[in-house]
Amino acid sequence: MIHLTPYPNLVVSNVDAPASANSDDEIEISWTVSNTGGVSTSSPIWYDKVYLSSTTGPGGYILGEFENLSYLDTGESYVRQNQTVTIPKQVADGTYYIVVLTDSRNHVDEQINEGDNFDASASFPVQYVVYERPDLVVTNFVSPYAGWAGNPMSLSWTVENQGTAPASGAQIVDWVWLSTENEIDPHNATHIGGSYIGSHLDPGESYEQNVSITLPDTADGDYYLYVWTDVTLNFDDSDLDNNFNPEVGFVPRVGVRRSKVHLEYNPRPQRFGIRMMEPMWNVTFFHDHSGRLVSRQYHHMVGTRFDNGAYLNVMYNRWFEVIDTRGYIEEGEVSYYQVTIRVGFTVD
Ligand SMILES: [Ca+2]
Ligand SMILES: [Ca+2]
Ligand SMILES: [Ca+2]
């Protein structure tokens, strides 16, 4: 004797899948949905959801969702014949099942009969086939030899599409990070600048970014800069590791030592209506760990206070920065040495 529950009960059976497939293949599948409950379905519409799963349960890739073919009275079924779905391009080699979950959005109230709404096909092998994808790569990254907290710094880098498909239809967003650690970990790094270009890089094309980024107010020390392209993952990049290229992306910030000379003298001339003069001289030298001068900053100021309360301030700032040094030693002597500097602004 069959005891029918007083609820509808949707169940899936006869899930049919091909014997094998490749990634990006269109395949045809079939399945049956029956109502084995004691009453007819309470909702005229529900959906069957199809998965490509590595187990016999719902999960993995969603291949589609299909509206039911008909209302089902108790004991009735419908057969979904030869529905076309596509194996995802990115799927890894392996053994998979087609799993169909009926009433996936739970339109039909089955009460105690909700737990049996899916079934799986026989397992079948899926093989990944390489397809054309963009591959954005950071190929060059140039930054100054040293920087100052709170000051602008010029950086440049190149992003190249080394893949076989265009990177198009979205913006490529590059971010620059500052870190004390010689590794890629955005959680331990500070995002100090973002920039983007609109749209399109065909295979083999590249763009160069030249930006000025203000260094945050960080403590003196050794830092690493790195740039990461397509941080927003807008593209189906075939190799995400090289979106940051460790060989060219890190720029070690040479340890900088700072020496400062500060001179101040406050004469009170008591002439020409001048109550007090406040000349100040600051010279700051930046050396790397080997004692080599990398930059120098001058900051001079003369403030004059007049008897009538007026105040005149004259400032002079100047800095220069060693961008690049190169040289080599032959037979114990320096045979070639070159220093590239950038001379900064002057305010008089
Ligand atoms: Ca059910
Ligand atoms: Ca249900
Ligand atoms: Ca890439």
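Refer to the preceding data block for the structure.
Residues numbered from 1 in each chain as written. Chains lettered and ligands numbered in written order. Predicted model: local features only at pLDDT ≥ 70, side-chain atom pairs only at ≥ 80, totals over all residues. Heavy atoms only, no water.

Caption draft 1: Seen up close, the packing of aromatic side chains. Taken as a whole and judged by the stated rule, the model has six aromatic pairs. Residues F141 and W157 carry aromatic rings whose centres are separated by 6.1 Å and whose planes lie at 80 degrees to one another, so their mutual orientation is edge-to-face. Taken as a pair, F141 in strand β10 (residues 136–142) and W157 in strand β11 (residues 152–161) lie far apart in primary sequence, 16 residues in all. Measuring from ring centre to ring centre gives 5.5 Å for W175 and W177, while their planes differ by 55 degrees; the resulting arrangement is tilted. (Phe/Tyr/Trp six-rings, centres within 6.5 Å; stacked < 30°, edge-to-face > 60°. Helix = DSSP H or I, 4+ residues; strand = E, 2+ residues; numbered from the N terminus.)

Caption draft 2: Up close: the coordination of the calcium ion (ligand 3). On the protein side, the calcium ion (ligand 3) has D135 (OD), L136 (O), D237 (OD), D237 (OD), D239 (O), N242 (OD1) and N243 (OD1) as donor atoms, found 2.3 to 2.8 Å from it. Linear spacing of the donor residues for the calcium ion (ligand 3) on their chain is D-L-x100-D-x1-D-x2-N-N. Of this pair, D135 sits in the loop between β9 (124–127) and β10 while D237 sits in the loop between β15 (224–228) and α1 (246–249), and the two are 102 residues apart along the sequence. (Donors = N, O, S within 2.8 Å, 3.2 Å for Na, K, Ca; no water.)

Caption draft 3: The arrangement of the sheet that holds β11 in detail. Reading across from one edge, β10-β11-β14 is the order of the three strands in this open sheet, with antiparallel pairing throughout. Since the sheet does not close on itself, it has two edges, and those belong to β10 and β14 (206–214), each with one partner. Strand-to-strand twist of the sheet, defined as the mean angle between neighbouring strand axes without regard to direction, takes the value 25 degrees. Looking at chain direction, β10 and β11 are connected through six bridges and run antiparallel. (Pairing = 2+ DSSP bridges. Axes fitted to C-alpha atoms, helices over the stretch in contact; angles between N-to-C directions.)

Caption draft 4: Structural view of the coordination of the calcium ion (ligand 1). Taken together, N9 (OD1), L10 (O), E110 (OE), N113 (O), D116 (OD) and N117 (OD1) make up the protein donors of the calcium ion (ligand 1), found 2.2 to 2.4 Å from the metal. Coordination at the calcium ion (ligand 1) is octahedral: its six donor atoms span angles of 77 to 174 degrees at the metal. (Tetrahedral: all angles 85-135°; square planar, octahedral: opposite > 155°, others 65-115°.)

Caption draft 5: Molecular detail of the environment of N210. By the element assignment, N210 lies in strand β14. The exposure class of N210 is exposed, given its relative accessible area of 56%. Sequence spacing of N210 and S156 is 54 residues, and the spatial spacing of their C-alpha atoms is 4.4 Å. Among all residues touching N210, those that are not within four sequence positions of it are L155 and S156. In this structure the side chain of N210 is engaged in a polar contact, spanning 3.5 Å, whose partner is the side chain of E208. (Buried < 20%, exposed > 50% of the residue type's maximum accessible area, 1.4 Å probe, protein only. Contact = heavy atoms within 4.5 Å. Polar contact = N/O pair within 3.5 Å; in protein donor to acceptor, adjacent residues only side chain to side chain.)

Caption draft 6: Structural detail: the nonpolar core. Formed by 25 residues in total, the largest nonpolar core has its most connected members in I29, W31, V33, V50, L52 and I98. The set of elements that each furnish at least two residues to this core consists of β1 (10–16), β3 (26–35), β4 (47–53), β5 (61–67), β6 (77–86), β7 (94–102) and β9. Among the elements that make up this core, the one with the highest residue count is β3 (four residues). Residue contacts for L52: discarding those within four places in its chain leaves G59, G60, Y61, L63, I87, P88, V91, Y96, Y97, I98 and F124. Judged by nonpolar contacts, the second largest core, of 21 residues, contains L136, M153, W157 and V159. (Core = buried A, V, L, I, M, F, W, Y, C linked by side-chain atoms within 4.5 Å.)

Caption draft 7: Representation of the sheet that holds β3 in the model. In spatial order, the strands read β1-β3-β6; together these three strands make up an open sheet with antiparallel pairing. The strands lining the two open edges of the sheet, one partner per strand, are β1 and β6. Between one strand axis and the next, the sheet turns by 25 degrees as a mean value, whatever way the strands run. By the bridge criterion, eight bridges tie β3 to β6 in an arrangement that is antiparallel. By the bridge assignment for β6, I27 is matched with V85.

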